[in-house]
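# Observations on chain architecture
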Amino acid sequence: VFEKLKAARDGGKRGADLIKQLLTFARREELEVGTVDPAKVIATLQPLLRRALGARITLETTLQEHVGTVRASVAQLESVIVNLAVNARDAIEGKGRVSIELESIDLQDHEAPLRGLARGGRYVVVRMRDTGSGIPAHQLSRVFEPFFSTKRDRGGTGLGLSMVRWFAEQSQGSATIESVVERGTTVTLLLPRLAEPAIETSERTMPLSTLPTGDERVVVLALDEALRA
């Protein structure tokens, strides 16, 4: 019974994650945005990230004070950070380190194209580094493509990094990646810095008690034998 429950849980989570990514990616809808303090978001996520990374991986954070705010969706920023942390975890065999850095920088107009940006200005930098296996050079240019995954054998959908880039572009910023095989990977988000204080949006996770219950019928179409079971 335990093995069946575990297979159902794992299969259901994979399906839910994939469907959520597909819907968001396909709709390309405007996000519900607010003025967000990324330092607060990262600080709030740290306990969750430490659990997700596990005991073998050390999480380090370097958060510059008074980094400013960005115009973004809190839920999507949280999702992006968790997604990048899980990618980093999967790239590390044995013990390793994941670091999150937050700072603000001023870019000149001539520097902007090198960072994937249309113009210079003040930006907030969110940088995720890992000491994992790295990505081969011939794959690096494709990692932001939808459905391209470097970990197909481990259930990768190829949508995670596509969503990261889409989020950055929706926030009028950019996402870039650097990697060296056997040395690790760095993903950098650049988001325009605002002078406004943080303003909470109305986004909230729907509590379980509000989900419908009753006589619903669920049809399962799946090639995965464990999920069908």
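You'll find the structure just up there.
The rules behind the values
Residues numbered from 1 in each chain as written. Predicted model: local features only at pLDDT ≥ 70, side-chain atom pairs only at ≥ 80, totals over all residues. Heavy atoms only, no water. Helix = DSSP H or I, 4+ residues; strand = E, 2+ residues; numbered from the N terminus. Buried < 20%, exposed > 50% of the residue type's maximum accessible area, 1.4 Å probe, protein only. Contact = heavy atoms within 4.5 Å. Areas by Shrake-Rupley, 256 points an atom, 1.4 Å probe, with all protein chains shown as cover. Pairing = 2+ DSSP bridges. Core = buried A, V, L, I, M, F, W, Y, C linked by side-chain atoms within 4.5 Å. Axes fitted to C-alpha atoms, helices over the stretch in contact; angles between N-to-C directions. Salt bridge = Lys/Arg side-chain N within 4 Å of Asp/Glu carboxyl O. Bend = angle between axes of the 7 residues up to and from the residue.

### A short note on the overall build of the protein chain
Of regular secondary structure, the protein chain possesses six helices and seven strands. When its helices and strands are written in sequence order, the protein chain yields α-β-α-β-β-α-β-β-α-α-β-β-α. Here the protein chain holds 229 residues, and 38% of them are scored as buried. Within the protein chain, counting contacts between residues at least 6 apart in sequence, those at least 24 apart form 75% of the total. When the accessible surface of the protein chain is summed, it comes to about 14,200 Å², and 53% of that surface belongs to carbon and sulfur atoms.

### Digging into the pairing of strand β4 (residues 96-107)
Pairing between strand β2 (residues 57-63) and β4: seven bridges, direction parallel. For leucine 59, the partnering residue across the bridge sits in β4 and is valine 98. With 10 bridges connecting them, β4 and strand β5 (residues 121-130) associate as antiparallel partners. By the bridge assignment, glutamate 101 is partnered in β5 with arginine 127.

### Observations regarding the nonpolar core
Ile81 and Val98 are the most contacted members of the largest nonpolar core, which totals 40 residues. In terms of residue count, helix α3 (residues 74-91) provides more of this core than any other element does, seven residues in total. When near neighbours in sequence (up to four residues on either side) are disregarded, valine 98 contacts Leu53, Ile57, Thr58, Leu59, Glu60, Ala88, Ile92, Met128, Arg129 and Asp130.

### A word on the sheet that holds β4
Read across the sheet, five strands follow the order β2-β4-β5-β7-β6 without closing on themselves; strand pairing throughout is mixed. At either margin of the open sheet sits one strand with a lone partner, and together these are β2 and β6 (174-180). In this sheet, adjacent strand axes meet at a mean angle of 15° when their direction is disregarded. Both β6 and strand β7 (residues 184-192) contribute to a ladder of seven bridges, which runs antiparallel. Within the sheet, the bridge partner assigned to isoleucine 177 lies in β7 and is valine 187. Where α3 meets the sheet, its contacts fall on β2, β4, β5 and β7, and the angle it forms with β5 comes to roughly 30°.

### A short note on the pattern of salt bridges
The tally for this structure, following the rule as stated, stands at seven salt bridges. Where arginine 129 meets glutamate 101, a salt bridge forms, and the shortest distance between an N and an O atom there is 2.7 Å. Note that arginine 129 is positioned in strand β5 and glutamate 101 in strand β4, a separation of 28 residues in sequence. Taking relative accessible area as the criterion, arginine 129 reaches 34% and is therefore assigned partly exposed. The partner of arginine 127 in a salt bridge is glutamate 103, and the shortest N-O contact between them spans 3.2 Å. Remark: glutamate 103 occurs in strand β4 and arginine 127 occurs in strand β5; sequence separation between them is 24 residues.

### Topic: helix α2 (residues 38-53)
Along its length, α2 reaches its greatest deviation from straightness, about 50°, at glutamine 46, and the proline proline 47 lies no more than four positions downstream. Along α2, the residues that are buried comprise Pro38, Ala39, Val41, Ile42, Leu45, Gln46, Leu49 and Leu53. Its buried side turned inward, α2 meets β1 (34-36), β2, β3 (70-72), α3, β4 and β5. With its phi angle positive at about 85°, glycine 54 sits one or two positions after the end of α2.

### Notes on unusual backbone geometry
With a phi close to 55°, histidine 66 is a non-glycine residue in the positive phi region. Within the secondary structure, histidine 66 sits in the loop between β2 and β3.

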